[in-house]
Amino acid sequence: MSIPFIISTLGGAPEPETWVFIAAGQSNMLPTTESTWDDNPDTFPAGTLQWGRFSPNNNTLIDATIPLEHWGMNVTQDFGRGITMRFANRIKTQYPYVTVVFIPVADGGTGFSDGSWNKGDTNYEDMVSRTNQCLSENPDFILKGMLWHQGEDDRNNSGTYRASLLQFNTDWRNDITQADAITPFVCGGLLPAY
């Protein structure tokens, strides 16, 4: 892992920082399909890391890979580039002195209604545990927010989805040590027709 360079600015050089983003939800976050955006980059920029999941790198910082080490991922399969890669490239373009760390915890075919993302569910508790461990072992890291793309598995439960999502936001902001009531939550949506 390399320390990010510091750019010179008129008012002095910004201090290098490490920003942590949780990447959660289901298959749209993984992603399992290729992006159709022509301007989506093909690689993660230098200075993008992830909190590894697979042996021998479980719960350690490693370089970001395609795909990130989400639940049940076959890291040799060719996956799409997706949200996290585009997000990392935009962050690094605007803040080149920042190291980006993703906590990949998405899991295909999961939702609130099937008992995956509610407080106490396996996916939820894994997300909280992994994020808290990363932040505890790296006290200088700054939790900047969560990237969330989920809803396909709950599409037949639209009447309860909003309440479940609001409760989820209350719970993770209470259970993750650096989070608070205003920690950003970036939510991807499904096509309205779907």
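Basis of the calculations
- Residues numbered from 1 in each chain as written.
- Predicted model: local features only at pLDDT ≥ 70, side-chain atom pairs only at ≥ 80, totals over all residues.
- Heavy atoms only, no water.
- Salt bridge = Lys/Arg side-chain N within 4 Å of Asp/Glu carboxyl O.
- Helix = DSSP H or I, 4+ residues; strand = E, 2+ residues; numbered from the N terminus.
- Buried < 20%, exposed > 50% of the residue type's maximum accessible area, 1.4 Å probe, protein only.
- Polar contact = N/O pair within 3.5 Å; in protein donor to acceptor, adjacent residues only side chain to side chain.
- Contact = heavy atoms within 4.5 Å.

Trainee: What's the story with the pattern of salt bridges in this structure? I'm lost.
Mentor: For side chains bearing opposite charge, pairing can occur when the charged atoms are close. The tally for this structure, following the rule as stated, stands at 2 salt bridges. Between Arg-53 and Asp-126 there is a salt bridge, and its shortest N-O distance comes to 2.7 Å. Of the two residues, Arg-53 is situated in the loop between strand E2 (48-51) and strand E3 (61-63) and Asp-126 in helix H2 (residues 122-137); the sequence distance between them amounts to 73 residues. We note that Arg-53, like Asp-126, is buried. Measuring nitrogen to oxygen at the nearest pair gives 2.5 Å for the salt bridge that ties Lys-119 to Asp-175. Of this pair, Lys-119 sits in the loop between strand E4 (98-104) and H2 while Asp-175 sits in helix H3 (residues 158-175), and the two are 56 residues apart along the sequence.

Trainee: Any chance you could explain the side chain of Asn-138 here in plain terms?
Mentor: By secondary structure assignment, the location of Asn-138 is in the loop between H2 and strand E5 (142-149). Within polar-contact distance, the side chain of Asn-138 engages the backbone oxygen of Cys-134 at 2.9 Å. Setting aside its immediate chain neighbours within four residues, Asn-138 contacts Trp-51 and Leu-61.

Trainee: What should I look at first to understand the environment of Glu-137 in this one?
Mentor: If you trace the backbone, Glu-137 turns up in helix H2. C-alpha separation for the pair Glu-137 and Thr-60, spaced 77 residues apart in sequence, amounts to 9.5 Å. In this view, Glu-137 contacts Trp-51 and Asn-59; residues no more than four positions away in its chain are not counted. Engagement of the side chain of Glu-137 in a polar contact is seen with the side chain of Gln-133, the distance being 2.9 Å.

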